[in-house]
Amino acid sequence: MGALHAFVIKENVYANRIVAHVEGGVITQQQVEQEAILRNLRRFPNARAREKMQSEILNAMIEKEVVVKEFERMKGQIPESYIQKKFDAIQRKRFEGDPLKLEEALRYQGKTKAGYKNDLRREAIVECMYERRVTKPNTISPLEIKSYYDNHRSELAREKQFDIDQVTIPKENQAAIRAVKECLALDLSYDEKYQKLSHIAGVDVKRMNNLNEQDVLPQIIEKIEKIAINFFDGEPVDFGDQIAFLGLRGNREAHLFSLAEARGSIERILLNEKYQALRKNWVDGLRKNSYCVVL
């Protein structure tokens with residue numbers, strides 16, 4: 001009969017929990033769902049969204065598999081020292097250098113240390129293959145930039161934005177409320193008041209930057225529109241069982257970026273789009289010559 005060299009799509013039915021056969025291996029429904037958990041994609045508004053997510057994750061897993069197999073056919077190698085260095089960096093940066101914390105996280109994901117290192121190796125292989133096989137574009141024409149700008153003007157507008165400091169206190173904590181009011185009455189600079197407020201017991205102080213007007217509660221908008229920049233308002237906003245004193249550090253009006261202002265961002269977007277298209281074309285070529293059956 002000969003080998004099957006095609007990418008075959010059948011009905012989206014997950015028989016025996018195997019969702020795809022790829023180059024002599026299998027991908028299971030459980031693996032797809034585990035990947036969704038790792039990407040924090042466990043909640044879906046409806047069945048269609050869930051199905052779309054599963055399809056995207058499965059597609060990415062197949063892509064990784066065929067790229068790794070191509071690397072193996074080329075007899076490529078990734079030094080073990082490189083993988084160990086990546087493993088050590090993750091342990092140091094994400095788990096405070098504590099191997100027990102890392103092992104606990106791996107157990108939660110149902111993985112062993114060896115299995116996780118293998119995942120790191122496969123990721124390194126994919127990065128290496130894209131670096132070697134897909135040339136990154138480095139130029140975008142002025143015409144392309146102008147065309148993108150004309151077709152995406154609404155996306156290149158900045159809404160009205162605020163930089164706010166919010167000091168929240170439970171109403172029952174009268175001592176903290178008095179301490180905050182006394183602090184705000186002091187003849188101090190804005191930053192000095194902020195530092196003092198941050199050290200009052202029972203007070204939650206949050207510094208929030210680049211808040212879009214549509215994402216801020218109406219009662220807060222009403223309050224901060226009356227506050228001068230670098231001032232705290234002495235009258236709090238009522239949130240039921242809590243109150244909040246507000247300080248305004250920045251206030252930027254809505255703005256439509258000009259072509260000159262947006263040029264750099266547009267160029268980065270278009271370069272990435274071209275690169276992703278080149279990656280897809282290369283992977284599609286691998287898939288056409290791979291044994292890959294999606295069930």
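Computed from a predicted structure; not experimentally measured.

Enquirer: Is there a simple way to explain the pattern of salt bridges in this structure?
Expert: Enumeration over the complete set of coordinates arrives at 21 salt bridges. With its nearest N and O atoms 3.7 Å apart, the salt bridge here joins Lys-160 to Glu-253. Linking Lys-160 in the loop between strand S4 (157-158) and strand S5 (161-170) with Glu-253 in the loop between strand S9 (242-252) and strand S10 (255-256), this pair joins segments that are 93 residues apart in sequence. The salt bridge involving Asp-165 is made with Arg-207; its shortest N-O contact spans 2.9 Å. Residue Asp-165 is located in strand S5, and its partner Arg-207 is located in strand S6 (residues 204-212); the two are separated by 42 residues in the primary sequence. Owing to a relative accessible area of 36%, Arg-207 belongs among the partly exposed residues under this scheme. Overlapping salt bridges, with partners in common, bring together Glu-23, Glu-70 and Arg-73 in one network.

Enquirer: Would you mind going over helix H4 (residues 99-108) with me for this structure?
Expert: Two to three positions downstream of the cap, the backbone nitrogen of Leu-100 sits 2.9 Å from a side-chain oxygen, assigning the N-cap of H4 to Asp-98. Remark: Gly-110 follows H4 within two positions and exhibits a positive phi of approximately 75°.

Enquirer: Explain helix H7 (residues 174-184) to me, please; I cannot follow it from the model alone.
Expert: Every α-helix carries 3.6 residues per turn, so stepping three or four residues along brings you back to the same face. The set of residues buried in H7 consists of Ala-176, Ile-177, Val-180, Cys-183 and Leu-184. Buried positions in H7, seen along its axis, are confined to an arc of 125° and lie on one side of it. Against the buried residues of H7 lie S5, helix H8 (190-197), strand S7 (231-232) and S9.

Basis of the calculations
- Residues numbered from 1 in each chain as written.
- Predicted model: local features only at pLDDT ≥ 70, side-chain atom pairs only at ≥ 80, totals over all residues.
- Heavy atoms only, no water.
- Salt bridge = Lys/Arg side-chain N within 4 Å of Asp/Glu carboxyl O.
- Helix = DSSP H or I, 4+ residues; strand = E, 2+ residues; numbered from the N terminus.
- Buried < 20%, exposed > 50% of the residue type's maximum accessible area, 1.4 Å probe, protein only.
- Polar contact = N/O pair within 3.5 Å; in protein donor to acceptor, adjacent residues only side chain to side chain.
- Arc of directions from axis to C-beta.
- Contact = heavy atoms within 4.5 Å.

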